[in-house]
Amino acid sequence: MLGTFLLSLPIASRGGEWGGFVDSLFTATSATCVTGLIAFDTFSHWTIFGQLVIITLIQIGGIGFMTIISMIAVILKKKINLHERLILMQSAGSMQVSGVVTLIRKVVIGTVIFEGLGAIAFATRFVPKMGWKLGIYNSVFHSISAFCNAGFDLMGRYQPFSSFTDYTGDVVVNFTIMLLIIMGGIGFFVWTDLIKKRLKFSKLELHTKLVIVTTASLLIVGTALCYAFEYNHSLAHLTGWKKLMGAAFMSVTARTAGFNTVNLSQLSDSGSIINDILMFVGGSPGSTAGGIKTTTLAVLILSVIASVRNNPDINVFKKRIESRTVRQATAIATIYFCGFLAATCTICAIESLSIKEVAFEVCSAIGTVGLTMGITQSLTDISKVILALLMFA
């Protein structure tokens, strides 16, 4: 609500007028929930003040409210009780209560390091093209947005709602965005475990192993399918290795980031379904990403395999997964799917749009992705409120 008020102020828009409540609420929700769906082009519509409000909401939403609150408590030397530690444990994706405050400190430090390195990489491309002042500002903005899996961009200076389509063949920009998205989406606990165990897979926690294997599988399979289905569609204008890079970028960004280097309105029906699935799954627990999460998908697949083999227990990496975890994963996926169906049916009844476009938009909202086929700006206020509720939920 604070973001909505600030974005409604005349100083926030280039037109210098009070903004509409629904559009300001939609933008504030999209930023706080690190989604990336926008009612207006971020560069063309919002002033520097408005852009700073948006990127602040993205940073807070990205590393988490509980992380921000706990860091304030640490600075003020306030004791954090057991209940608060339990919430922090779930927020950060930790497996135990002890050491959770230390983990939160590492989250903040790690976030600053990754976003700083990302900004430096972006600066090598943006500074020569935009100059020092604008180049550094754009580098920092896009590094935060990418790491937090938000999908907001300032590329509207070249063409409104164009995202990174002008950088389709730029290796530095593409790989910097992809790496930031992946690092932000694997989860804070996974970072810590990887560093602590010195990348030795056999010694990693079960959670970390599931995240790494599932994430790698989704990236590889997603890239292969996007390349195959979009070869003569959204990737048709690209040649050689650029097609593969475009497919890889599509596979990565669909995991809740929201940037795009190709025109998504040209997606084939098959490519649209693949992107819907990737958006629905999202990233990992305790990360900046949304979706049902990679570990939920992994547990559901392992449950199916165990049922087919008629095994009473679900075992993976010499560990047994509790039935309570399976029930929780099933509940999460079911709730998400019911929300997706309800919203898709409702918006289809309200808008004169195809189910392909609406389903894509709804998956993008409920998975806090931010990808769109270009219909967000034309939606009615009721549909925008529905999407905002999905992002918040």
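Residues numbered from 1 in each chain as written. Predicted model: local features only at pLDDT ≥ 70, side-chain atom pairs only at ≥ 80, totals over all residues. Heavy atoms only, no water.

A. Structural view of the packing of helix α11 (residues 206-230) against helix α12 (residues 241-253). Across the interface, α11 lies against α12 with an axial gap of 8 Å and an inter-helix angle of 125°. Viewed along their axes, α11 and α12 adopt a mutual orientation that is oblique. Our pair here, α11 against α12, has a crossing hand that is right-handed. On α12, the residues that touch L218, L219, G222, T223, C226, Y227 and E230 of α11 are K243, L244, A247, A248, M250, S251 and V252. Grouping the constituent residues of the contact of α11 with α12 by class yields 9 nonpolar, 3 polar and 2 charged. (Axes fitted to C-alpha atoms, helices over the stretch in contact; angles between N-to-C directions. Helix = DSSP H or I, 4+ residues; strand = E, 2+ residues; numbered from the N terminus. Parallel < 35°, antiparallel > 145°, perpendicular 65-115°, else oblique. Left-handed = near helix turned anticlockwise from the far one by under 90°. Contact = heavy atoms within 4.5 Å. Nonpolar A, V, L, I, M, F, W, Y, C, P; charged D, E, K, R; others polar.)

B. Quick peek at the nonpolar core. Grouped together as the largest cluster of nonpolar side chains are 42 residues, with contacts concentrated most on F26, M279, F360, V362, L371, L387 and L390. Looking at this core, the elements that each hand over two or more residues are α11, α12, α13 (269-281), α15 (323-350), α16 (355-366) and α17 (381-392). Broken down by element, the residue count for this core peaks at 7 residues, all from α16. When neighbours within four sequence positions are excluded, L390 is seen to be in contact with G339, A343, V362, A365 and I366. Formed by 27 residues, the second largest nonpolar core is a distinct cluster that contains M130, L204, L219 and A257. (Core = buried A, V, L, I, M, F, W, Y, C linked by side-chain atoms within 4.5 Å. Buried < 20%, exposed > 50% of the residue type's maximum accessible area, 1.4 Å probe, protein only.)

C. Molecular detail of the side chain of N275. Looking at the secondary structure, you find N275 in helix α13. Judged by its relative accessible area of 0%, N275 is buried.

D. Representation of the packing of aromatic side chains in the model. As enumerated under the stated definition, the model contains 13 aromatic pairs in all. When the centroid spacing of 5.7 Å and the interplanar angle of 75° are considered together, the rings of F126 and Y167 count as edge-to-face. Of this pair, F126 sits in helix α7 (residues 100-130) while Y167 sits in the loop between α8 (132-147) and α9 (171-185), and the two are 41 residues apart along the sequence. Of the residues examined, Y167 reaches a relative accessible area of 4% and is grouped as buried. Note on F337 and F340: the rings are 6.0 Å apart at their centroids and 35° apart in plane angle, and the pair reads as tilted. One end of the pair is F337 and the other is F340, both in helix α15 and 3 residues apart, which spans about a single turn. Look at F337 and you get partly exposed, because its relative accessible area is 43%. Given the relative accessible area of 14%, F340 is considered buried. Three or more aromatic residues link up through ring pairs in this structure, and these residues are F122, F126, F164, Y167 and F259. Note that R14 overlies the ring of F43, its terminal NZ or CZ placed 4.8 Å from the centroid. Stacked on the ring of Y158, the Lys or Arg K129 has its end atom at 4.5 Å from the ring centre. (Phe/Tyr/Trp six-rings, centres within 6.5 Å; stacked < 30°, edge-to-face > 60°. Lys NZ or Arg CZ within 6 Å of the ring centre and 35° of its normal.)

E. A look at a nonpolar patch on the surface. A contiguous nonpolar surface patch, about 410 Å² in accessible area, is contributed by I109, I113, L117 and I120. By secondary structure assignment, the location of L117 is in helix α7. For L117, a relative accessible area of 53% corresponds to the exposed category. (Patch = residues over 30% accessible without salt bridge, like charges linked within 9 Å, V, L, I, M, F, W, Y side chains within 5 Å. Areas by Shrake-Rupley, 256 points an atom, 1.4 Å probe, with all protein chains shown as cover. Salt bridge = Lys/Arg side-chain N within 4 Å of Asp/Glu carboxyl O.)

F. Main features of helix α10 (residues 188-196). Burial analysis of α10 places 7 of its 9 residues in the buried class, which makes it a mostly covered element. Turning to α10, its buried residues number three or more, namely F188, F189, V190, W191, T192, D193 and L194. One or two steps after α10, the chain reaches R198, where phi turns positive at roughly 55°.

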